[in-house]
Amino acid sequence: MMRFLSFKTLAAVGFACSSFLGTAQAEPRGFLESIHRHATLASTSPGNGDLNPYAIFVMPQDSGVLHKNDVLVTNFNNITNLQGTGTTIVAYHPETGNISEFASLPANLPACPGGVGLTTALTVLKSGWVIVGSAPSKDGSTLTKGDGCLIVLDTKGKYVTAWKGPLINAPWGDIAALDRGDSATLFISMSGYDLPGPYYKDPVTHYPPIIHKATVLRLDLRIPQGQPPILDKQTVVASGFSARADRDNFLFGPTGLALDTDGTLYVTDGYDEEVTAIDNALTRTDAVTRSGDAVGRIISRGGLLNWPLAMMWVPGHHLLVSNGRNGQVVEIDPATKKQVYAQWIDNDQAQQPPGNGDLFGLAMTPDGKSFYYVEDDMNTLNISTP
């Protein structure tokens, strides 16, 4: 989201669903009930002044210049705060509390249609190769949006190659991955198809039109020993998610992706305020399409969800989702389809409602007890702990 710097006091207030009103002796029902503290760790703005942190990825092992437990963060805006123009990935080093620049790409990368604007699509393979999405723009809006690409970097943050084509258009949301070492399967949402500029309005609603063409793409990779990954196959596994151009937020589109052990893929559809499930995502050869008002099986809709964005697994086999329109995260039990709990992790009163537009990426800490998040109005990496 496009945000200008402001001053605030970092604070958070717990908020429980009405189903939890009761005695203090009640048995904890979710991960969020164990979280009580929220703190800022570091600025995510590197030397070139890039702003608007989006993706978070925690390194599972040492790799090149990165160390196990380092935290990678992408930046979507450049120093002038234009969206779709950020070109850097920074690395937070928890053992020292320092942050450094891991990668800096040219703004006009010829291999990437439209250039570079790094999104929430970020992962690091076991083999060390970094894959990051680009949804670029020239003026900070979808009016000049390029199709973008997926960029492959080596273990030192250097550009290796880019993947582009008709099935890749504004790689936007979290990358859900199954990494086997010599091969990998990635799922990435594509949210840029046929989006007009943000000032084009539907004559009936007087808002930018909703385009039901966003997809989830499965990418099957082959990873030869010591060589960059090879993109062997691309399959659209879901199609028809809502996408809409937006002046302040660049675009609305499916953002959170989380893969279950049974092959079910969960997706947040922010504009429609829902989390849906795509069955057999690892093996299906056809796309789940929009049926009525949803793509896939509805797991959760409305309630505490308020423009759901990034999503990840937390202890208890629950899903944790960040809200885009307020400073809350929401815990969901996909088995029962219940919204378990919600908590304020950003109650910035400068936004209405508090924390509106501040949250985006999420990632668990290696010990499984805490989680990282970004506040893109302050350009910081934060942590929530017991």
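A brief look at the structure comes next. (Residues numbered from 1 in each chain as written. Predicted model: local features only at pLDDT ≥ 70, side-chain atom pairs only at ≥ 80, totals over all residues. Heavy atoms only, no water.)

Brief notes about unusual backbone geometry
Geometrically, the link from Gln352 to Pro353 is a cis peptide bond, its omega value of -5 degrees lying close to zero. Residue position: Pro353 is located in the loop between strand S25 (338–344) and strand S26 (359–364). Of note in the backbone geometry, His206 takes a positive phi value of approximately 65 degrees without being a glycine. Along the chain, His206 falls in the loop between strand S12 (183–190) and strand S13 (211–222). Classification of His206 by relative accessible area gives exposed; the value is 57%. (Helix = DSSP H or I, 4+ residues; strand = E, 2+ residues; numbered from the N terminus. Buried < 20%, exposed > 50% of the residue type's maximum accessible area, 1.4 Å probe, protein only.)

Section: the pattern of salt bridges
Applying the stated criterion to the full structure yields 11 salt bridges. The shortest N-O distance in the salt bridge between Arg301 and Asp293 comes to 3.1 Å. A relative accessible area of 39% places Arg301 in the partly exposed class. Because the salt bridges share partners, they merge into one network encompassing Glu274, Asp293 and Arg301. (Salt bridge = Lys/Arg side-chain N within 4 Å of Asp/Glu carboxyl O.)

Details of the pairing of strand S10 (residues 159–163)
Pairing of strand S9 (residues 149–153) with S10 involves 4 bridges; the strand directions are antiparallel. For Ile151, the partnering residue across the bridge sits in S10 and is Ala162. (Pairing = 2+ DSSP bridges.)

Observations concerning the pairing of strand S22 (residues 308–314)
By the criterion of burial, S22 is predominantly enclosed, with 6 of the 7 residues buried. Sheet topology places S22 next to strand S23 (residues 318–323); 5 bridges connect them, and they run antiparallel. Bridge assignment links Val314 to a residue of S23, and that residue is His318. Hairpin connection between S22 and S23: a loop of 3 residues separates the two successive antiparallel strands, and Gly316 in this loop has a positive phi of roughly 90 degrees.

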